[in-house]
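Descriptive analysis of the structure
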Amino acid sequence: MSVFSRISSRRRTVAAASVTAALALALAACGSSKDSSMPGMDHGSQPPSSSSSMPGMDHGSMPGMDHGGMGKDDGLSDTKYSYSLVSDAKELPAGKAAAYKFKITGPDGKPVTSFAVDQTKRMHFYAVRSDLTGFQHIHPTMADDGTWTADLAALEPGTWRTYASFTPDSGPGKGKDFVLSRTVTVAGDAKTTPLPAASASAEVDGYTVTVKGELMADMAHPMTVSISKDGKPVTDLQPYLDTYAHLTAFHEGDQAFAHLHPETKVNGNKGGPDLSFHAQLDKPGNWRLFLQFQTGGKLHTAALTLRVG
C-alpha cells in the first residue's frame, strides 16, 4: 500500500470515530430529557401551565385580580379571578328569619346573570357560624338584575360566614367552579359552642351515620359513609341534588370550605347503606362535616367532627 493510501485510510478512520462520538453525545443528551417529552416539543419556549389558570384568561391583563386567591380554593375570599361576591348586608337580626341579598360580579364589574346548573341548582349558598354551628344550605333565587336572595332561618348571635358556590355559564370564567364568601354579624350576646370531639359516627333523627377512611391533608382519599337505623342498614335513601347524600366540610379556626364529591350513582329510591365520596381536605386539623340525605321526603342533616392528619 502506498504512503498516500495509508494516510487516506487513517483519515477515514478518524472521521468515522468522530461521527460515532458525536452520535453518542447526542443520544446521551436525548436520554437525559423527561420521558413525557413529545417529539418536536421545545420545552424552553412554552411556559409551564398553572392549575389555577383559566382557559382564555390572561392573569396579567385583568384589573383588580386577587392574586392572593390563586392558590387553594378554600372559599375564604370574596374575590377570585376578578369575580366577586357583593352584598350590602353587614348585620342580620338575631332569632328570626332574614333575607340575605347579594350579587356575583364579573371581571367587567357587572352582575353575572348566566350560571350553569350544578347538582340541579344554579347557586348553592351556605351560612355557618364561626364556631361551626348553625349550618344552613340554601338554594337562593335570582332576580333579573342578578340579585340573589337567600332566605335564612333564624340565626344565633355571633359572626357568620356566608358562602356562594357557583359556575358561570358565560364570560372568561365559563365552566370554572367558584366558592366565594363574606362575613356578617348577628347582633346579641354571642356564646361560643366548643367543637364536639372527633368521632367516626353521629346520630340524627334516629339514623346513625358512620364515616370510614383515613384522610391526610392535601391528598385525595376515598371515603365511605354508611347509614343505618336501629342497627339495620338503610337502603331507601332518596335522591337529593342528583345524589344520595350531599357532603360539605368546614375547617376549625378559619372556616375553610370543602365540598366532598359523591361517587355513588343514583338508582331510584334505593340508596344506601354505603356511599362513596372523593375526599380532599387541604388543611390538617379538625373539620366539621355536614352530611345531608333524604328519606320519606324528609331531609336530614348529620354533623360530625373529623380529624385530618
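As shown above, the structure is provided for reference.
Read on for a plain summary of the structure.

About the thresholds
- Residues numbered from 1 in each chain as written.
- Predicted model: local features only at pLDDT ≥ 70, side-chain atom pairs only at ≥ 80, totals over all residues.
- Heavy atoms only, no water.
- Pairing = 2+ DSSP bridges.
- Helix = DSSP H or I, 4+ residues; strand = E, 2+ residues; numbered from the N terminus.
- Phe/Tyr/Trp six-rings, centres within 6.5 Å; stacked < 30°, edge-to-face > 60°.
- Buried < 20%, exposed > 50% of the residue type's maximum accessible area, 1.4 Å probe, protein only.
- Core = buried A, V, L, I, M, F, W, Y, C linked by side-chain atoms within 4.5 Å.
- Contact = heavy atoms within 4.5 Å.

If you trace the five strands from one edge of the open sheet to the other, you get β3-β10-β9-β5-β6, paired in mixed fashion. Looking at strand neighbours, the two that pair on one side only are β3 (91-92) and β6 (136-138), the edges of this open sheet. Pairing of strand β5 (residues 124-129) with strand β9 (residues 158-166), which is carried by six bridges, proceeds in the antiparallel orientation. Paired with histidine 124 across the bridge in β9 is serine 165.

The subject of this paragraph is the sheet that holds strand β7 (residues 141-142). Here five strands make up an open sheet; going across it, the order is β1-β2-β4-β8-β7 and the pairing antiparallel. With one partner strand each, in any of the chains shown, β1 (79-80) and β7 form the two edges of the open sheet. Across two bridges, β7 lies against strand β8 (residues 147-152) in antiparallel orientation. Bridging from a neighbouring strand, threonine 141 pairs with threonine 149 of β8.

A few words now on unusual backbone geometry. Cis geometry is adopted by the peptide bond preceding proline 273, which originates at glycine 272 and carries an omega value of 0°. Following the sequence through the fold, proline 273 ends up in the loop between β16 (257-262) and β17 (274-279). Positive phi is not limited to glycine here, since leucine 241 has a value of about 55°. The backbone of glutamine 255 shows a phi angle near 65°, a positive value even though the residue is not glycine.

This brings us to the packing of aromatic side chains. Taken as a whole and assessed by the stated rule, the structure comprises 19 aromatic pairs. Measuring from centroid to centroid gives 5.5 Å for tyrosine 100 and phenylalanine 125, while their planes differ by 40°, and the two rings are tilted. Within this pair, whereas tyrosine 100 is found in strand β4 (residues 98-105), its partner phenylalanine 125 is found in strand β5, the two being separated by 25 residues in sequence. For tyrosine 100, a relative accessible area of 0% puts it in the buried group. Centre to centre, the rings of phenylalanine 166 and phenylalanine 178 are 5.4 Å apart; their planes meet at 5°, and the pair counts as stacked. Taken together, the positions of phenylalanine 166 in strand β9 and phenylalanine 178 in strand β10 (residues 178-186) put the pair twelve residues apart, joining distant regions of the chain. Residue classification places phenylalanine 166 among the buried positions, given a relative accessible area of 3%. For phenylalanine 178, a relative accessible area of 1% puts it in the buried group. Feature note: the residues Tyr81, Tyr83, Tyr100, Phe102, Phe115, Phe125, Trp148, Phe166 and Phe178 constitute an aromatic cluster, connected by ring pairs.

Before going further, it helps to examine the nonpolar core. Counting 31 residues, the largest nonpolar core has Met223, Ile227, Leu260, Leu281, Leu291 and Phe293 as its most contacted members. Of all elements in the fold, only β11 (201-204), β12 (207-212), β13 (221-229), β15 (246-251), β16, β17, β18 (285-295) and β19 (298-308) reach the threshold of two or more residues within this core. When near neighbours in sequence (up to four residues on either side) are disregarded, leucine 291 contacts Val209, Val225, Ile227, Ala245, His246, Leu247, Phe277, His300, Thr301 and Ala302. Ranked by size, the runner-up nonpolar core spans 26 residues in total, among them Tyr100, Val112, Phe125 and Phe166.

Nothing here speaks to function; it is all geometry.
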